[in-house]
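# A structural walkthrough
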Amino acid sequence: GSRGDTVSAVPELPVFDQETVLSAISPGEAIERVRDGFVEYAGGEWVMPPKVYLDAYPNGDFRAMPAKGAGLAILKWVTSFPRNPEAGLPVVMGMICVSSAADGEPLALVDVRSVTALRTGAVAAVAAQELAREDAVTVGILGCGLHGTWAGRCLAAAEYGPGICFDPNPEAAGRLAGELGWEAGSREEALACDVVTCVTPGSEPVVFESDLRPGIHLSMLGADGPGKAEAEVEAVTRLELFCDDWEQASHGGELTGAVAGGLVTRDDVTELGDVLTGAAPGRSSPEAMTLFDSTGLAIQDLSICLALLGAHRAGRVSAGTVKL
């Protein structure tokens, strides 16, 4: 006779492409969601094991990034292949698998580039809101690629601006400036702004000790692995330091060089979640100089996936489907 343990019909899995993600979530909503994610994680409600790097030398690497919260569990599988643009391919590719944290059922597959761009841009805005001077308005963007563009869009959505866009490729700077009604300018002009966001490959510094002036806020989004930095160590050690996650920032972010040199220790660095929850202060004074090191967290991707699934349930976006 039948044992009664037949496997149920395989459900169709929604698949969200880049266009769908970006149409579902505005920069303003991304900022709110990412802010909430930091608070949930800081409060111990959300869980995030450290990301795993899989080296694919000499061309790049893969990262596997899990997180759990609000009834979902995600795994982000994402690349960083810096030389890809020479071959007409994106640096960042991959997907996010979203499952139910209750029973493990797969719920969605999501394009990784759009989620990463949205949450990276959103973090730049949250960091500025928490760490820049109260009266900060002007924005300098150093690096106008995909993530620099979204940082600009999110800062504009948070009502910062006007801004100066700098990129070694004048077309990239001009495009972003044109879209936001800002200006393209030099590295020095971008660094003269109140809120400076660096989104370069991190292969060589773009911020030097001589660039620092009282009241500046720097968000460093580019250095995302060991050996990369956007600011020289002499500059880093003069700033009040904040990061998204100490474990990641100390091993593969903007702070790594200063930490390795024994110039910066755990006690010198505040996690942004602790500022958001009031567990730690932000900048010490209007004249203080602040640096936020963003290494990219799976909880931020989870925040965006939550918003996406919510938009899908509400019928605001439609998705493709696949059967596994």
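Details of the structure are given in the entry above.
No experiment lies behind these values; they were computed from the predicted model shown.

Between the first and last C-alpha of helix H3 (residues 112–131) there are 28 Å, a value that for 20 residues agrees with the 28 Å anticipated at 1.5 Å per step. With 17 of its 20 residues buried, H3 lies for the most part within the structure. Structurally, the start of H3 carries an N-cap: the backbone nitrogen of Arg113 is 3.5 Å from a side-chain oxygen of Asp111.

The next subject is the side chain of His217. As for its position among the elements, His217 is in strand S11 (residues 217–220). Judged by relative accessible area, which is 0%, His217 ranks as buried. For His217, the side chain forms a polar contact with the side chain of Thr290, separated by 2.8 Å. His217 has contacts with Ala127, Ala128, Leu131, Ala132, Asp194, Val195, Val196, Arg283, Thr290 and Phe292, leaving out every residue within four places of it along the chain.

In this section: the sheet that holds strand S9 (residues 183–184). Strand order in the open sheet made by the 8 strands is S9-S8-S7-S10-S11-S14-S12-S13, with parallel pairing throughout. In this open sheet, the two strands that pair with only one neighbour each are S9 and strand S13 (269–271). Here S11 pairs with strand S14 (residues 290–293) via 4 bridges, running parallel. Note that in S14 the partner of His217 across the bridge is Thr290. Each of strand S10 (195–198), S11, strand S12 (240–243) and S14 touches H3; the most contacted strand, S11, lies at about 155° to it. Here helix H4 (residues 146–157) sits on the sheet and contacts strand S7 (139–142) and S10; the angle it forms with S7, its principal contact strand, is near 170°.

Next up on the list: unusual backbone geometry. At the junction of Tyr57 and Pro58, the peptide bond is cis and its omega measures out at 5° in the coordinates. Inspection of the secondary structure assignment puts Pro58 in the loop between strand S2 (52–56) and strand S3 (60–69). Cis geometry marks the peptide bond from Gly161 to Pro162, where omega comes out at 5°. Looking at the secondary structure, you find Pro162 in the loop between H4 and strand S8 (163–166). Unlike most non-glycine residues, Glu159 shows phi in positive territory, near 70°.

The subject of this paragraph is the side chain of Ser250. Locating Ser250 in the fold gives a position in helix H8 (residues 246–252). Within the local environment of Ser250, its side chain forms a polar contact with the backbone oxygen of Glu247, the two atoms lying 3.1 Å apart. The residues contacting Ser250, other than those within four sequence positions of it, are Thr256 and Val259.

Here is what the cut-offs are and how they apply
- Residues numbered from 1 in each chain as written.
- Predicted model: local features only at pLDDT ≥ 70, side-chain atom pairs only at ≥ 80, totals over all residues.
- Heavy atoms only, no water.
- Helix = DSSP H or I, 4+ residues; strand = E, 2+ residues; numbered from the N terminus.
- Expected span 1.5 Å × (residues − 1).
- Buried < 20%, exposed > 50% of the residue type's maximum accessible area, 1.4 Å probe, protein only.
- Polar contact = N/O pair within 3.5 Å; in protein donor to acceptor, adjacent residues only side chain to side chain.
- Contact = heavy atoms within 4.5 Å.
- Pairing = 2+ DSSP bridges.
- Axes fitted to C-alpha atoms, helices over the stretch in contact; angles between N-to-C directions.

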